[in-house]
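# Chains, contacts and geometry: an overview
Single-letter residue listing:
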Amino acid sequence: MKPRLLPVAAGWLTTRALMLWLLARDGHAPLGIGGVAREVHELYARWYGVLAHGTFPSGDRLWQYPPGAGPVLLSPGLLPGLTYFQAFVLLALAADAVVAVALTRAGTRTGRSLRGAALWIAGLPLLLHLPLARYDVQVTALAVIALLTFSRSTRACGAFAALGALVKVWPALILIGTPRGRTTREVWTSAAVTAGALLLALAALFRDPFDFLRQQGGRGVQIESLGGTALSFARHAGWPGQVRYRYGAMEFTGPYVSTIAAGSLALTVVAFGALLLWRLRARHWTPATPYDAALCAVLLFTVTSRVISPQYLVWLLGLAAVCLTSRHTSQRPVAVLIMVAAAASALAYPVLYRDVMDCTWTGTLLMLVRNGLLVGAAALSFRRLWTAGIRPAGARSTGIRSAETEPSHNSRHLPHETVSTS
């Protein structure tokens, strides 16, 4: 092992041992209400029993995931001699290690940086033990691999992005920053073919693969979302709404909640329009542009969502880490904001989640800080992405490729951080 990689390996082993220790103490002080592992013990294990009989959880209001989630939840059954929970945590750790290794390998290439691996290794424990008890690390691994393979194989990039999208939808957004022209056609065609083939296979092997669509439409405003923060302040001003457990999350019910939910959807549409406008107007791509655009897109859709669960920060940490592997990235300050938001998320859940649920001033202000950090990160991310892609005429363009020029087949993937001059 190279000497400079020893701190990376030592850091991963140390921090993951701490996360496992916290998981073993789930429910004990000072970890708040605890119960982080309950979702695996009770919900995932129950779904495993249903999926093992060849059907998706039909009519289950808590099942709101695309059909690709089925194989992920079945995978712990492949490890004999372990309980479902033990196997699930082991596979989550394995996916975490894959991300760390992929980021480290990318960071050791010429012109790259190990900052991405450092961010992932140091950033994930900021969420305490939560990442080991959700399957978001596995999804993030697919997204990270998709982005890191882009410079070498557009088809592999599209295939991995499609696999991730079929598990939790959001990895489809990481393809927003592929350079226009033949490169984009290849990536998106590969993603479409992969998604179609896997959907056909799952439809043949399982019953009711699309039942999740009925449940997803009933989601309300989660207490940790941006709209939820506004309603939490409204509670202090006399608003009569209540917090109830619905669709697997704590949500607000009462007057104006449907209006807030509709407003969140409208903001998501606006965010999508802004990303499309950037893509149409952008004239310059660096090797980091696909990474930066992926992070920006997921950030925008996260902050405008009706649900901002703490595990969403796993996605953002992974994408921010990919950005930092490139010395051309425009997202370094955004990555810092995401790390601070991750720490605030851990305070919100599980440490002070009772305050968040009860809408105390402590819980309300904590969510204002966390969501304020995410909104600030999203706004800064988009501004820096826009500035980097749309430069004034006559600006120095050395090391940056014009979007109007389609490079040769051998150079268009921009390997090893090399780019052509526009």
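Since the structure is predicted, the reported quantities are computational estimates derived from the model, not experimental observations.

In this model helix α7 (residues 154-168) runs 21 Å from its N-terminal to its C-terminal C-alpha over 15 residues, within 8% of the 21 Å that 1.5 Å per residue would give. Three or more residues of α7 are buried, namely Thr154, Cys157, Gly158, Ala161, Ala162, Gly164, Ala165, Leu166, Val167 and Lys168. Turning to α7, the residues buried within the fold contact α3 (69-74), α6 (136-149), α8 (182-205) and α13 (312-324). Positive phi appears at valine 169, one or two residues downstream of α7, with a value of about 65°.

A few words on the pattern of salt bridges. Within the structure shown, the criterion is met by five salt bridges. Among the salt bridges present, the one from arginine 46 reaches aspartate 60, with a minimum N-O distance of 3.0 Å. Here arginine 46, found in helix α2 (residues 38-51), pairs with aspartate 60, found in the loop between α2 and α3; they are 14 residues apart in sequence, far enough to count as distant. With a relative accessible area of 41%, arginine 46 lands in the partly exposed category. Arginine 246 is the partner of glutamate 251 in a salt bridge, and the nearest nitrogen-oxygen pair spans 2.6 Å. The exposure class assigned to arginine 246 is partly exposed, which follows from its relative accessible area of 26%.

This paragraph deals with the nonpolar core. Core analysis: the biggest nonpolar cluster contains 122 residues, and Trp120, Tyr135, Ile174 and Ile338 have the highest contact counts within it. Dropping the residues within four chain positions of it, isoleucine 174 is found in contact with Ala143, Ala146, Leu147, Ala161, Pro290, Ala294 and Leu319.

Turning next to the layout of surface pockets. Taken as a whole, the largest pocket encloses approximately 1400 Å³ of empty space. Lining the largest pocket are 48 residues, and of these Gln64, Arg219, Val307, Ser309 and Tyr312 lie nearest its centre. Put simply, the parts of the chain that give the lining of the largest pocket at least two residues each are α2, α9 (212-216), β3 (249-253), α11 (257-281), α12 (289-303), α13 and α15 (353-358). In the lining of the largest pocket, the residues fall into 26 nonpolar, 13 polar and nine charged.

So, on to the packing of aromatic side chains. One pass over the structure, following the stated rule, counts 19 aromatic pairs. Here phenylalanine 233 and tryptophan 361 contribute two aromatic rings whose centre-to-centre distance is 6.0 Å and whose plane-to-plane angle is 70°, an arrangement assigned as edge-to-face. One end of the pair, phenylalanine 233, is in helix α10 (residues 226-236); the other, tryptophan 361, is in helix α16 (residues 361-389), and 128 residues separate them in sequence. The exposure class assigned to phenylalanine 233 is partly exposed, which follows from its relative accessible area of 27%. Given a relative accessible area of 48%, tryptophan 361 falls into the partly exposed group. An aromatic cluster is built from Tyr44, Trp47, Tyr48, Phe56, Trp63, Tyr65, Tyr84, Phe88, Tyr135 and Phe206, whose rings are joined through pairwise contacts.

So, about the pairing of β3. Extensive coverage of β3 is indicated by the burial of four of its five residues. Relative to β3, strand β1 (residues 221-222) runs antiparallel, the two sharing two bridges. Residue glutamine 222 lies in a different strand from β3, and its bridge partner there is glutamate 251. Across five bridges, the pairing between strand β2 (residues 242-246) and β3 is antiparallel. Of the residues in β3, the one forming a bridge with tyrosine 245 is methionine 250. Counted between consecutive antiparallel strands, the loop separating β2 from β3 contains two residues, among which tyrosine 247 sits at a positive phi close to 55°.

Scanning the entire structure with this criterion turns up two cavities of 30 Å³ or more. Space inside the second largest cavity adds up to approximately 30 Å³. Lining the second largest cavity are Ile223, Gly228, Thr229, Ser232, Val356, Gly363, Thr364 and Met367. Looking at the lining of the second largest cavity, the elements that each hand over two or more residues are α10 and α16.

Mean pLDDT over the protein works out to 90, with 90% of the residues at or above the 70 mark. Contacts of residues 396-422 to residues separated by more than four positions or lying in other chains number 69 contacts, the stretch itself having pLDDT below 50.

Rules and cut-offs
Residues numbered from 1 in each chain as written. Predicted model: local features only at pLDDT ≥ 70, side-chain atom pairs only at ≥ 80, totals over all residues. Heavy atoms only, no water. Helix = DSSP H or I, 4+ residues; strand = E, 2+ residues; numbered from the N terminus. Expected span 1.5 Å × (residues − 1). Buried < 20%, exposed > 50% of the residue type's maximum accessible area, 1.4 Å probe, protein only. Contact = heavy atoms within 4.5 Å. Salt bridge = Lys/Arg side-chain N within 4 Å of Asp/Glu carboxyl O. Core = buried A, V, L, I, M, F, W, Y, C linked by side-chain atoms within 4.5 Å. 1 Å grid on protein atoms, 1.4 Å probe; cavity = no way out; pocket = protein on both sides within 12 Å on 5 of 7 lines; lining within 4 Å. Points joined across faces, edges and corners; volume = space filled by probe spheres on them. Nonpolar A, V, L, I, M, F, W, Y, C, P; charged D, E, K, R; others polar. Phe/Tyr/Trp six-rings, centres within 6.5 Å; stacked < 30°, edge-to-face > 60°. Pairing = 2+ DSSP bridges. pLDDT = per-residue confidence, 0-100.

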